[in-house]
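Descriptive structure summary
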Amino acid sequence: MSDFFIPKLAVVGVGLIGGSFALALKEAGLVGEVVGIGRGRANLETALKKGVVDAFTHSLAEGVAGADVVFLATPVQTLAKVAAEVIPHMKPGSVLTDGGSVKAEVICAIEPLLREDIQFVPGHPVAGTEQSGAAAAFASLYRGRRCILTPTSRTDGQALELIKSLWQAAGSEVVVMTPEKHDRVLAGISHLPHMVAYALVDAVANCGGENENILNYSAGGFRDFTRIASSDPTMWRDIALSNRVALLEVLETFEHSLAEVKRDICQGNGEALYDFFLRSKQRRDAIV
Ligand SMILES: NC(=O)c1ccc[n+]([C@@H]2O[C@H](COP(=O)([O-])OP(=O)(O)OC[C@H]3O[C@@H](n4cnc5c(N)ncnc54)[C@H](O)[C@@H]3O)[C@@H](O)[C@H]2O)c1
Ligand SMILES: O=C(O)C(=O)C[C@]1(C(=O)O)C=C[C@@H](O)C=C1
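All figures in this text were calculated on a predicted structure; none of them were measured in a lab.

**Let's talk about the site of ligand 2**
Taken together, the residues surrounding ligand 2 are S101, V126, A127, G128, T129, E130, S190, I228 and S231. Each residue belonging to the shell around ligand 2 can be placed in one class, and the counts come to three nonpolar, five polar and one charged. When residues are assigned to domains, the shell around ligand 2 turns out to be shared by domain 1 (6-177) and domain 2 (181-285), each giving three or more.

**Examining the sheet that holds strand β4 (residues 69-72)**
On the basis of which strands lie adjacent, the open sheet formed by six strands has the order β3-β2-β1-β4-β5-β6 and parallel pairing. Each edge of the sheet is formed by a strand with only one pairing partner; in this case those strands are β3 (55-57) and β6 (119-121). The sheet shows a mean angle of 20° between the axes of neighbouring strands, direction not considered. Pairing between strand β2 (residues 31-37) and β3: three bridges, direction parallel. Across the sheet, the residue bridging to G36 is F56, located in β3. Those strands touched by helix α4 (residues 79-86) are β1 (6-12), β4 and β5 (95-98), and its axis lies near 155° from that of β4.

**Notes on the packing of helix α10 (residues 244-266) against helix α11 (residues 270-285)**
Between α10 and α11, whose axes approach to 8 Å, the crossing angle comes to 150°. Relative to α11, α10 is oriented roughly antiparallel. As α10 packs across α11, the resulting crossing turns out to be left-handed. Contacts from E260, V261, D264 and I265 of α10 reach α11 at A272, L273 and F276. Considered class by class, the residues forming the contact of α10 with α11 number five nonpolar, no polar and two charged.

**Here we look at the UniProt feature "domain: Prephenate/arogenate dehydrogenase" (unreviewed entry) in the protein chain**
In the numbering used here, UniProt assigns the feature "domain: Prephenate/arogenate dehydrogenase" (unreviewed entry) to residues 7-288. Structurally, residues 7-288 comprises 49% helix and 14% strand, and the distance from its first C-alpha atom to its last is 39 Å.

Reading the values: rules and limits
- Residues numbered from 1 in each chain as written.
- Chains lettered and ligands numbered in written order.
- Predicted model: local features only at pLDDT ≥ 70, side-chain atom pairs only at ≥ 80, totals over all residues.
- Near = placed C-beta within 6 Å.
- Nonpolar A, V, L, I, M, F, W, Y, C, P; charged D, E, K, R; others polar.
- Domains from an automatic or database assignment.
- Pairing = 2+ DSSP bridges.
- Helix = DSSP H or I, 4+ residues; strand = E, 2+ residues; numbered from the N terminus.
- Axes fitted to C-alpha atoms, helices over the stretch in contact; angles between N-to-C directions.
- Contact = placed C-beta atoms within 7 Å.
- Parallel < 35°, antiparallel > 145°, perpendicular 65-115°, else oblique.
- Left-handed = near helix turned anticlockwise from the far one by under 90°.
- UniProt positions renumbered as here; feature names shortened; annotations may be inferred.

Structure (structure tokens):
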């Protein structure tokens, strides 16, 4: 048995992220019992049936009692509230961690709530799909992906190593960075693309006029580009609001890029358009 076996894991919010974490650790043989905590009974029953959790409860206090690790996987703007309810009931020596997509605001809200005898390791698996709920969870979600951990000066080194080992066991490469850098990077590579995808669907839906839904003619290009616009609106509302400063900055940069394309089209400047498209093609080709 590994020296970081977790006898009891509590997962608050048994959806895509929390459920997949539980499944990955179960598959790796690193957890004993998994208790799921949530609000919707049907989702928790699905989780139980799929073997994502071994038991579930609607009570945060009951669910986290005796747990060695508590993983928070609810929408970003609920994390601090959930943490406030969970922390008083956690076992001394246990570790609290999370999978929220925004870090600085969440950490600022959670750290003052911590007790001396529990540790907090903020994290974010950079992996997901446009699906949500326990039905969407799968054990290999994190395989070959990155997980970013954002420790602060208050984060305990041993707890950080434990959570790092768990994500590695789930198949992820673990990267450590500051919460502020995390939020800037994610604003660009994740939050902006989701805003653009939602806006694109809206814009194209409005292009056909009142009597025609031109989305019905959409093919590969539109569907590939907008897959992520099928993501959960609650999750993305929370991310947009919690990372508003970094997101507004990248939205402005995006507006400049779009304005450049628009200007070159307007001026019939084929050379500039070609150079612009080539530069972007080369940059994208280099990462896929
Ligand atoms: N979906 C992704 O691609 C992705 C990737 C990385 C991180 N994240 C982050 O992980 C977290 C969970 O996302 P997800 O995709 O698993 O969402 P999800 O909707 O699949 O699961 C979230 C679960 O939390 C439950 N929940 C909501 N509020 C709650 C509360 N107050 N108390 C208890 N349970 C509550 C919901 O009922 C749901 O079952 C979010 O913070 C999200 O930003 C998502
Ligand atoms: O692949 C997807 O559907 C995702 O949206 C996953 C994705 C992203 O890559 O932007 C979304 C949000 C996260 O916090 C991390 C990953």
